[in-house]
Amino acid sequence: MIIDDAHYDVIIVGTGAGGGTLAQKLAPTGKKILILERGEVMPLEEQNRSNVDIFKKELYHAPEQWFDIAGEPFSPQTKYAVGGNTKIYGAALLRMRERDFETVTHQEGISPEWCVKYADFEPYYTEAERLYQVHGVVGADPTEPPHSADYPYPAMPHEPQMEEVIGAIAAQSLHPAPLPMALTRQTEDPTNDSEVSGINPALQHPNVTLKTGATVTTLHTNPSGREVKAVEAEVGGQPYLFLGDIIVLACGAINTAAVLLRSCSEACSQGLANSSGLVGRNLMKHRLSSVVQISKPNSGKFQRSVYVNDFYWGEAGFEYPMGHIYNAGGLLQDIIFAESPPVLSVLAKMMPGFGLQQMARRSIGWWVQSEDLPSAENRVRVDNKKLYVDYTPNNTEPHERLVYRWTEVLKTAEKGMDKSLLQMSGRHPSGEMPLSVVAHVCGTCCFGEDPATSVLNPDCRAHDVDNLYVVDGSFFPSISATSPALTIMANALRVGDRLIERLK
């Protein structure tokens, strides 16, 4: 065991939406900060997906196997790199709706109330939108919550081919709105991420150190289990020990839970911070399906730009939430689309003789996204060093209803559209994403007031461990139907303020 000879005020594990954002927030304090990242800096040519064959899936999958509820292995679509999964995300940054923070009744159960409300998050949403240079328009979506400030940049224009589609959707008394996007507008890599806006600014401060290639395996505590004393990581095949006063996990909801479950000791026999037995449980993963329109040839390489929330809370005759819809942008740069074998199979039958890239250039993709409800049986567990993701989908009928409803909207839209822009096929192949797509996983260490029913307190400090915090998507008690990245970023800024007070 190699013991690092430095002692740090804060050790942050992970550089994604939570860890990278928090590092940027804490860096100006002058406190000695160590950031541990198991990956390396991602090559620029891989970051700009306009230059990459997205169907070479190994580029965007972790070099390891996890196991599903049946014990079958799978390769997770997750990126170990500086910037974490924000290096491969779609860069859409949406706020949860005000009502999402309250108890919501769904057809199959309850989405629980948050212990911190939208009003508490709002200033941090605004701060995160400034930090990540979000381009958007306030007020175009009827479900949008109150904003204390406009987006820092105006929305980007739609692709000409999308303009006609959007107009035909709006003609059905729906409200397509510009999708809030984190953009640098740089040619080399136009999307913003937590390396660009989090880690790189943090490293401008001499008190901040980044160590890459460091896979954290275990947290070591004092004999009572109430304080973490050291972080153990594997670096270059060697075990290292890093000592610090405050430890922050931001490894993603699956890996954070795995680290805690592996950190067993005499005082913590079922894992660290796990007196509730809830570490790893209540895993949530959006119900996410793609719906494809066949189009005239397009570049296949354009940004996402529009979303529709008219069915977010349901529709006439169906009073339960259904979800959120947004366009995929050019399918040649949407890595999640490449994970959809059912859609690709149907497209191949509709366009015989076309290769994958040719099919993507003649298609417009839409994502249909519904809330997944927390269930204690959906969980991360570790057994004989193997990581298991036990997951059974729920909230199925509302999601299937939304896919059907959106397909009908597209069919109606196409009837009045310019036939030079859209090739009518009468079919809209769809398919749900497999378990391997784990980008939106949340909820494995939920926060709350009661230590018996939550892992973290409202400040995202572990109830059981005084100096341990979590700032990735683990803290979510419910996932809503919006993508979680902006809420993770805003929460990291919120927790950052608490830590700055503690560090004084």
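Shown above is the structure to which this text applies.
The structure displayed is predicted, hence computed values, not measured ones.

K.L.:
Hey, could you run me through the overall build of the protein chain in this one?
P.N.:
When its secondary structure is counted, the protein chain shows 10 helices and 21 strands. Scaling as 2.2 N^0.38, a compact globule of 504 residues should have a C-alpha radius of gyration of about 23 Å, and the protein chain matches this with 22 Å. Taken along the three principal axes of its C-alpha coordinates, the protein chain extends 70 × 50 × 45 Å. Counting across all 504 residues of the protein chain, residues that qualify as buried make up 59%. Sequence separation of 24 or more characterises 73% of the internal contacts of the protein chain that already satisfy a separation of 6 or more. Carbon and sulfur atoms make up 49% of the accessible area of the protein chain, which amounts to about 18600 Å² in all. Looking at the protein chain, you have 43 positive and 60 negative side-chain charges, and the mean spots of the two groups are 3 Å apart.

K.L.:
Help me understand the environment of glutamate 108 in this model?
P.N.:
Residue position: glutamate 108 is located in the loop between strand S5 (104–106) and strand S6 (109–111). Overall, the relative accessible area of 43% leaves glutamate 108 in the partly exposed class. Spatially, the C-alpha atom of glutamate 108 lies 8.3 Å from that of threonine 396, the residues being 288 residues apart in sequence. With near-sequence residues (within four places) excluded, glutamate 108 lies in contact with Leu373, Asn394, Asn395, Thr396 and Glu397.

K.L.:
For this particular structure, what's the right way to read the nonpolar core?
P.N.:
Considering soluble globular proteins, one finds that nonpolar side chains tend to be buried as a cluster. Among the nonpolar cores identified, the biggest contains 111 residues, and Leu219 and Leu468 are the most heavily contacted of them. Ranked by the residues each element gives to this core, the list is headed by helix H10 (residues 485–503), at 10 residues. Sequence-distant contacts of leucine 468, that is, excluding residues within four places in its chain, are made with Leu219, Val228, Ile247, Leu249, Leu260, Leu272, Ala273, Cys460, Arg461 and Ala462. Of all hydrophobic cores here, the second largest spans 24 residues; its members include Met162, Val165, Leu174 and Ala413.

K.L.:
Sorry, what's going on with the sheet that holds strand S8 (residues 177–178) here?
P.N.:
Backbone hydrogen bonds are what pair the strands of a sheet, in a parallel or an antiparallel way. With antiparallel pairing, 6 strands are arranged side by side in an open sheet as S8-S15-S16-S17-S14-S20. Edge positions in the open sheet fall to S8 and strand S20 (430–432), since each of these has one partner strand only. In terms of strand pairing, strand S14 (residues 287–294) meets strand S17 (residues 363–370) through 8 bridges, oriented antiparallel. The residue bridging arginine 287 from the neighbouring strand is serine 370, located in S17. Each of S14, strand S15 (306–308), strand S16 (324–327), S17 and S20 is contacted by helix H9 (residues 396–415), which is oriented at about 15° to S14, the strand it contacts most.

K.L.:
Is there a simple way to explain the packing of aromatic side chains in this structure?
P.N.:
Each pair of aromatic rings is reported with the distance of its centres and the angle of its planes. Enumeration over the complete set of coordinates arrives at 17 aromatic pairs. Here tryptophan 114 and phenylalanine 121 contribute two aromatic rings whose centre-to-centre distance is 6.0 Å and whose plane-to-plane angle is 80°, an arrangement assigned as edge-to-face. Since its relative accessible area comes to 1%, tryptophan 114 is described here as buried. Ring geometry for phenylalanine 121 and tyrosine 125: centres 5.8 Å apart, planes at 40°, overall tilted. Here tyrosine 125 and phenylalanine 121 lie together in helix H3 (residues 118–131), a separation of 4 residues that amounts to about one turn. Summarising the burial analysis for this pair, phenylalanine 121 and tyrosine 125 share the class buried. These aromatic residues form a ring-pair network of at least three members: Phe101, Trp114, Tyr118, Phe121, Tyr125, Phe447, Phe475 and Phe476. Its guanidinium or amino end placed over the ring of tyrosine 8, lysine 32 lies 5.5 Å from that ring's centre, counting from NZ or CZ.

K.L.:
How should I be thinking about the packing of H3 against H10 in this particular structure?
P.N.:
When two helices pack together, their arrangement is given by the angle between their axes and by how far apart the axes lie. Their axes nearest at 8 Å, the elements H3 and H10 cross at an angle of 110°. When the interaxial angle is binned, H3 and H10 end up roughly perpendicular. Listed contacts from H10 to Phe121, Tyr124, Tyr125, Glu127, Ala128 and Glu129 of H3 are Leu486, Thr487, Met489, Ala490, Asn491, Leu493, Arg494, Asp497 and Arg498. The class makeup of the residues in the contact of H3 with H10 is 8 nonpolar, 2 polar and 5 charged.

K.L.:
Just to check I follow, could you spell out helix H5 (residues 194–202) for this structure?
P.N.:
Among the residues making up H5, those that are buried are Ser194, Glu195, Ser197, Gly198, Ile199 and Ala202. If you check the start of H5, you find a side-chain oxygen 2.9 Å away from the backbone N of glutamate 195, and it comes from aspartate 193.

K.L.:
Sorry if this is basic, but what is going on with the packing of helix H1 (residues 17–26) against H10 here?
P.N.:
Two elements in contact, H1 and H10, have axes separated by 8 Å at closest approach and are oriented at 35°. The handedness of the crossing between H1 and H10 comes out as right-handed. Packed against H1, whose contacting residues are Ala17, Gly18, Thr21, Leu22, Gln24, Lys25 and Leu26, the element H10 presents Ala485, Ile488, Met489, Ala492, Leu493, Gly496, Asp497, Leu499 and Ile500 at the interface.

K.L.:
I'm lost on the pattern of salt bridges in this one. Help?
P.N.:
Any two side chains of opposite charge can pair if their charged atoms end up close together. Inspection of the entire model under this criterion finds 19 salt bridges. With its nearest N and O atoms 3.0 Å apart, the salt bridge here joins lysine 25 to glutamate 127. Taken together, the residues lysine 25 in helix H1 and glutamate 127 in helix H3 connect sequence positions 102 residues apart. The class for lysine 25 is buried, based on a relative accessible area of 13%. For glutamate 127, a relative accessible area of 21% corresponds to the partly exposed category. Ionic pairing is found between lysine 117 and glutamate 102, a salt bridge with its closest N-O pair at 3.1 Å. Within this pair, whereas lysine 117 is found in the loop between S6 and H3, its partner glutamate 102 is found in the loop between strand S4 (73–74) and S5, the two being separated by 15 residues in sequence. Taking the relative accessible area as the measure of exposure, lysine 117 reaches 22% and is therefore partly exposed.

Thresholds applied
- Residues numbered from 1 in each chain as written.
- Predicted model: local features only at pLDDT ≥ 70, side-chain atom pairs only at ≥ 80, totals over all residues.
- Heavy atoms only, no water.
- Helix = DSSP H or I, 4+ residues; strand = E, 2+ residues; numbered from the N terminus.
- Rg over C-alpha atoms; globule rule 2.2 N^0.38 Å.
- Buried < 20%, exposed > 50% of the residue type's maximum accessible area, 1.4 Å probe, protein only.
- Contact = heavy atoms within 4.5 Å.
- Areas by Shrake-Rupley, 256 points an atom, 1.4 Å probe, with all protein chains shown as cover.
- Lys, Arg positive; Asp, Glu negative; His and termini not counted.
- Charge placed at Lys NZ, Arg CZ, Asp CG, Glu CD.
- Core = buried A, V, L, I, M, F, W, Y, C linked by side-chain atoms within 4.5 Å.
- Pairing = 2+ DSSP bridges.
- Axes fitted to C-alpha atoms, helices over the stretch in contact; angles between N-to-C directions.
- Phe/Tyr/Trp six-rings, centres within 6.5 Å; stacked < 30°, edge-to-face > 60°.
- Lys NZ or Arg CZ within 6 Å of the ring centre and 35° of its normal.
- Parallel < 35°, antiparallel > 145°, perpendicular 65-115°, else oblique.
- Nonpolar A, V, L, I, M, F, W, Y, C, P; charged D, E, K, R; others polar.
- Polar contact = N/O pair within 3.5 Å; in protein donor to acceptor, adjacent residues only side chain to side chain.
- Left-handed = near helix turned anticlockwise from the far one by under 90°.
- Salt bridge = Lys/Arg side-chain N within 4 Å of Asp/Glu carboxyl O.

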